[in-house]
Amino acid sequence: MSAESNLIPLLNTAEEDVNRQMQICNACRYCEGFCAVFPAMTQRLEFNKADIHYLANLCHNCGACLHACQYAAPHEFDVNIPRAMAKVRLQTYIDFAWPKKLGALYQRNGVTLALSSGLALCLFLILTLLIQGNLFTKIEGGNFYHIFSHNTLVALFGSVFVFSFLALLVGVVHFWRKVTPKEEKRQQEPLPAMLQAGKAALTLKYLDGGHGQGCNNEDDAYTLSRRRFHHLTFYGFMLCFAATSVATLYHYIGWEAPYPVFSFPVMLGIIGGLGLLVGPAGLLYLNYKRHPDHGDQAQRPMDRAFIVLLFMISLTGLLLLCVRETTLMPLMLTLHLGFVMAFFLTMPYSKFAHGFYRSAALFKSYLERFKEKKSK
């Protein structure tokens, strides 16, 4: 064996299973018109470690290919692309996590980790207010900066957010460098591919099953529910983030909180918060109802932890608005801040990461498509 061949990374068990199933799919190609995975697959005759990591993150786990496959169980080939891809996808999060040792957090019990972190932070903040004697104090005008100063919150949450975003960015850049050959990195026209990938990500194009009728959930019936609840969750989150950003801008130009209910940041928060209640509630319901062959059962706790945290952030945020001029406001503020901090702390090592890795994989897929069109 040559020295060069020794440099080829060996596949682990999960990656080898994806390689086996992709070879079968490449010979069959019945699902070629489904999601982005299959057009990308047809451009390869062999699948190395980088290819498998790329395809795994390109898979949206819609389930359409599983129900269409003539080689799925009980056939002896036991082809199950959603499950095989999900196992490798989790491994990529672990492998590319930064700092490296924290990647092991993906393998912990997601619900226990996320909720225990949130509740521990809530308890700490509650005890702090209890010691100060203002846990059940009515604050004039509902101004929570009288409890925790603006600068304190910015320093605390800002530093954690910056770290979490940096950790995600470093991981995705590492992933991109591993799955993208040097010649693709010198692609001359990345903008069209970037625009198409952005559109696919923002519209959740590949949660339509490749035929526009939606995903499969508990059986072979198509449903658009998963796509719609994803939209409510994502855009609800973005509206809440926009509300916080606008409120921060208002603060620095001299208009300090609290803001009236019909002010721009509060209305953004209310609309986003409602979306962030309905979306996660729907996704959690679908997750419990989903057929065990759809994806990797072992990852359900991590998925649910992410959903529950988003739901609790929204619930406590909306309740905080409702009770902000009562004696319950300090208590509700501590609960809300605790869940928000837990979300930020676990963000790079939770299901939140899938949006970043999947977007990078979509970008690569459109780069390949544009390159293929040019070569014809």
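Everything quoted here is computed from the prediction, not taken from an experiment.

Draft legend 1. A nonpolar patch on the surface, seen in detail. A cluster of nonpolar residues, Trp 98, Leu 102, Phe 163, Leu 166 and Val 170, forms a patch on the protein surface that exposes about 380 Å² of accessible area. Looking at where Phe 163 falls in the secondary structure, it is placed in helix 8 (residues 150–179). Take Phe 163: its relative accessible area is 34%, and that puts it in the partly exposed class.

Draft legend 2. How the structure looks around helix 8. Relative to the 44 Å expected for 30 residues at 1.5 Å per residue, helix 8 spans 42 Å between its end C-alpha atoms, a close match to the ideal helical length. Taken residue by residue, helix 8 has His 150, Leu 153, Phe 157, Val 160, Ser 164, Ala 167, Leu 168, Gly 171, Val 172, Phe 175, Trp 176 and Val 179 as its buried positions. Those residues of helix 8 hidden inside the fold are in contact with helix 4 (49–58), helix 6 (81–96), helix 11 (225–252), helix 14 (329–346) and helix 15 (353–375).

Draft legend 3. Fine view of the pattern of salt bridges. With the rule as written, the count across this model stands at 8 salt bridges. Between Arg 20 and Asp 17 there is a salt bridge; the shortest N-O distance is 3.1 Å. Here Arg 20 pairs with Asp 17, and both are found in helix 2 (residues 13–28), just 3 residues apart, close to one helical turn. Of the residues examined, Arg 20 reaches a relative accessible area of 32% and is grouped as partly exposed. Between Arg 44 and Glu 368 there is a salt bridge; the shortest N-O distance is 2.4 Å. Of this pair, Arg 44 sits in the loop between helix 3 (37–41) and helix 4 while Glu 368 sits in helix 15; the two residues are 324 residues apart in sequence, bridging distant segments of the chain. A relative accessible area of 9% means that Arg 44 is categorised as buried. Of the residues examined, Glu 368 reaches a relative accessible area of 5% and is grouped as buried.

Draft legend 4. View of the side chain of Asn 287. Summarising the element assignment, Asn 287 is placed in helix 12 (residues 264–289). Since its relative accessible area comes to 10%, Asn 287 is described here as buried. When near neighbours in sequence (up to four residues on either side) are disregarded, Asn 287 contacts Arg 300, Asp 303 and Arg 304.

Draft legend 5. Quick look at the environment of Ala 56. Tracing the backbone through its elements, the reader meets Ala 56 in helix 4. The contacts of Ala 56, once residues within four sequence positions are left out, are Met 85, Val 88 and Arg 89.

Draft legend 6. How the structure looks around the state of the cysteines. In the structure shown here, the tally under the stated rule is 0 disulfides. The thiol sulfur of Cys 35 is not disulfide-bonded, and the nearest other cysteine sulfur, from Cys 62, lies at 5.7 Å.

Draft legend 7. Up close: the packing of helix 12 against helix 13 (residues 300–322). Packing of helix 12 against helix 13 brings their axes to within 8 Å, and their N-to-C directions diverge by 150 degrees. In terms of orientation, helix 12 lies roughly antiparallel with respect to helix 13. Crossing geometry of helix 12 relative to helix 13 is assigned as left-handed. Considered class by class, the residues forming the contact of helix 12 with helix 13 number 17 nonpolar, 4 polar and 3 charged.

Draft legend 8. Structural view of the packing of aromatic side chains. Enumeration according to the criterion identifies 23 aromatic pairs in this entry. Plain terms: the ring middles of Phe 96 and Phe 175 are 5.6 Å apart, the flat faces sit at 75 degrees to each other, and that makes the pair edge-to-face. Here Phe 96, found in helix 6, pairs with Phe 175, found in helix 8; they are 79 residues apart in sequence, far enough to count as distant. Across the pair, exposure class does not vary: Phe 96 and Phe 175 are buried alike. Judged by centre distance (5.6 Å) and plane angle (90 degrees), the rings of Phe 343 and Phe 352 are edge-to-face.

Draft legend 9. Region of the structure containing the confidence of the model for the chain. Overall, the prediction assigns the chain a mean pLDDT of 87, with 90% of residues at 70 or greater. Summarising per-element confidence for the chain, the mean pLDDT is lowest in helix 1 (residues 3–6) (43) and highest in helix 12 (97). Overall, residues 1–6 carries pLDDT values under 50, and its contacts beyond four positions in sequence, including any with other chains, amount to 1 contact.

Draft legend 10. Looking closely at the nonpolar core. Of all hydrophobic cores here, the largest spans 75 residues; its most connected members are Met 22, Val 37, Phe 38, Leu 55, Leu 58, Met 85 and Phe 343. Contact partners of Met 22, with chain neighbours within four places excluded, come to Met 41, Phe 47, Leu 55, Ile 81 and Met 85. In terms of nonpolar packing, the next biggest core, distinct from the first, is built from 9 residues, Ala 243, Ala 247, Tyr 250 and Val 266 among them.

Draft legend 11. Up close: the packing of helix 4 against helix 8. Running from N to C, helix 4 and helix 8 cross one another at 125 degrees; their axes reach a closest spacing of 8 Å. When the axis of helix 4 is compared with that of helix 8, the two are oblique. Every residue of helix 8 that contacts helix 4 at Ala 50, His 53, Tyr 54 and Asn 57 is listed here: Phe 175, Lys 178 and Val 179. Taken together, the residues of the contact of helix 4 with helix 8 break down into 4 nonpolar, 2 polar and 1 charged.

Rules and cut-offs
Residues numbered from 1 in each chain as written. Predicted model: local features only at pLDDT ≥ 70, side-chain atom pairs only at ≥ 80, totals over all residues. Heavy atoms only, no water. Patch = residues over 30% accessible without salt bridge, like charges linked within 9 Å, V, L, I, M, F, W, Y side chains within 5 Å. Areas by Shrake-Rupley, 256 points an atom, 1.4 Å probe, with all protein chains shown as cover. Salt bridge = Lys/Arg side-chain N within 4 Å of Asp/Glu carboxyl O. Helix = DSSP H or I, 4+ residues; strand = E, 2+ residues; numbered from the N terminus. Buried < 20%, exposed > 50% of the residue type's maximum accessible area, 1.4 Å probe, protein only. Expected span 1.5 Å × (residues − 1). Contact = heavy atoms within 4.5 Å. Disulfide = S-S within 2.5 Å. Axes fitted to C-alpha atoms, helices over the stretch in contact; angles between N-to-C directions. Parallel < 35°, antiparallel > 145°, perpendicular 65-115°, else oblique. Left-handed = near helix turned anticlockwise from the far one by under 90°. Nonpolar A, V, L, I, M, F, W, Y, C, P; charged D, E, K, R; others polar. Phe/Tyr/Trp six-rings, centres within 6.5 Å; stacked < 30°, edge-to-face > 60°. pLDDT = per-residue confidence, 0-100. Core = buried A, V, L, I, M, F, W, Y, C linked by side-chain atoms within 4.5 Å.

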